[in-house]
Every structure is written in structure tokens, then in C-alpha cells.
Amino acid sequence: QVQLVESGGGLVQDGGSLRLSCAASGGGILFRGYTMGWYRQAAGKERELVATISAKFRYDYAEFAKGRFTISRDNTKDTVDLLMTNLKHEDTAVYYCYTQITTLHESVDFWGQGTQVTVSS
């Protein structure tokens, strides 16, 4: 069973920084072969993309994340991190780790349990 476990959320002041980490395990999966990333969901809003990093290190950032957030992965540890700087109140949300495992027949999305990030103004 695939598990994604996030850590690093918390309360930070406007303009501050946080690093989120996600450890992937299980299912006999070589996670280095798949895209991993981060999404977020603010209260009353839909879940939205923050950033993803592909197996070949192609990066995809939401507009609001460009220049402030940096995604990285360590394939030796099956982890994906999100460094968030210059945080704003509107970045307050639950942040979810994500990976999509594809086979010849299907693609399956996996999500972590989420970690709360609160930015005080």
C-alpha cells in the first residue's frame, strides 16, 4: 500500500518561510520513476496545484508559487520537499503531497493526509 506522509506544516508570520517534506513508501514502487508534487486546499475552496516535479526533473509551478516556492526531490530517500518563502496570508491552506503511479492499464493518484500551513497577517 502506497503511503505519503507529510511533515513541516505549522504557523508562520507573514513574510516567513516553511519547508514541507513528504516521504513516500510502500507498494513496491520505485517512486523515482513518477511525478511527485504538492497541492493545497484552503477553507471553502477547491484543491489546487502548487508544484510538481517529474521523474525527469521537469518542474511545474502554479503562478502564485513562482519565485517564492521551490520543489525538490531526493530519489535516494523517496522524498519530495517544498520550500516556501515570503509566505502570505492567502497561502494558508492544507497542503497535500501527491504522486501519480501509471501502469500500462491505468493511472492512480495517491495523496498524503495533509499538513496545515497557517500564515498570520
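Residues numbered from 1 in each chain as written. Predicted model: local features only at pLDDT ≥ 70, side-chain atom pairs only at ≥ 80, totals over all residues. Heavy atoms only, no water.

Engineer: What is the right way to read the side chain of Glu6 from this model?
Structural biologist: One can find Glu6 in strand 1 (residues 3-7). Buried charged residue Glu6 carries no salt bridge. Nearest counter-charge: Arg47, at 7.6 Å. At a separation of 3.0 Å, a polar atom in the side chain of Glu6 contacts the main-chain amide nitrogen of Gly114. Residue contacts for Glu6: discarding those within four places in its chain leaves Ser21, Cys22, Trp38, Tyr95, Tyr96, Cys97, Gly112, Gln113, Gly114 and Thr115. (Helix = DSSP H or I, 4+ residues; strand = E, 2+ residues; numbered from the N terminus. Buried < 20%, exposed > 50% of the residue type's maximum accessible area, 1.4 Å probe, protein only. Lys, Arg positive; Asp, Glu negative; His and termini not counted. Salt bridge = Lys/Arg side-chain N within 4 Å of Asp/Glu carboxyl O. Polar contact = N/O pair within 3.5 Å; in protein donor to acceptor, adjacent residues only side chain to side chain. Contact = heavy atoms within 4.5 Å.)

Engineer: Sorry, what's going on with unusual backbone geometry here?
Structural biologist: We note that Asp78 has phi near 55°; this positive angle belongs to a residue other than glycine. In this structure, Asp78 sits in the loop between strand 7 (69-74) and strand 8 (79-84).

Engineer: Could you clarify how one ought to interpret the side chain of Thr52 in this entry?
Structural biologist: For Thr52, the position within the fold is in strand 5 (residues 48-53). Residue Thr52 is classed as buried on the basis of its relative accessible area, which comes to 12%. Ignoring any residue separated from it by four or fewer positions in sequence, one finds Thr52 in contact with Thr35, Met36, Gly37, Arg58, Tyr59, Asp60 and Ile71.

Engineer: So what exactly am I meant to see when it comes to the pattern of salt bridges here?
Structural biologist: Once their charged atoms are close, side chains differing in charge can pair, the charge on each being opposite to the other. Inspection of the entire model under this criterion finds 5 salt bridges. Put simply, Arg40 and Glu48 hold a salt bridge, and the shortest N to O gap is 2.8 Å. Classification of Arg40 by relative accessible area gives buried; the value is 6%. Taking the relative accessible area as the measure of exposure, Glu48 reaches 33% and is therefore partly exposed.

Engineer: I keep staring at the nonpolar core and nothing clicks. Help me out?
Structural biologist: If you look at soluble globular proteins, the nonpolar side chains tend to sit buried side by side. Membership of the largest hydrophobic core comes to 26 residues, with the highest contact counts inside it found for Trp38, Val50, Phe69, Val80, Leu82, Met84 and Tyr95. Of all the secondary structure elements, the ones that give two or more residues to this core are strand 3 (18-25), strand 4 (36-41), strand 5, strand 7, strand 8, strand 9 (93-102) and strand 11 (115-120). Residue contacts for Val80: discarding those within four places in its chain leaves Leu20, Ser21, Cys22, Met36, Trp38, Ile53, Ile71, Ser72, Arg73 and Cys97. (Core = buried A, V, L, I, M, F, W, Y, C linked by side-chain atoms within 4.5 Å.)

Engineer: When you look at the state of the cysteines in this model, what are you seeing that I'm missing?
Structural biologist: The term disulfide refers to a covalent linkage connecting the sulfur atoms of a pair of cysteines. Applying the stated criterion across every chain yields a total of 1 disulfide. Each disulfide pairs two cysteine sulfurs, and for Cys22 the partner residue is Cys97, the sulfurs being separated by 2.0 Å. Disulfide Cys22-Cys97: torsion about the S-S bond near -85°, hence left-handed. Linking Cys22 in strand 3 with Cys97 in strand 9, this pair joins segments that are 75 residues apart in sequence. For the pair shown, Cys22 and Cys97 are each scored as buried. (Disulfide = S-S within 2.5 Å.)

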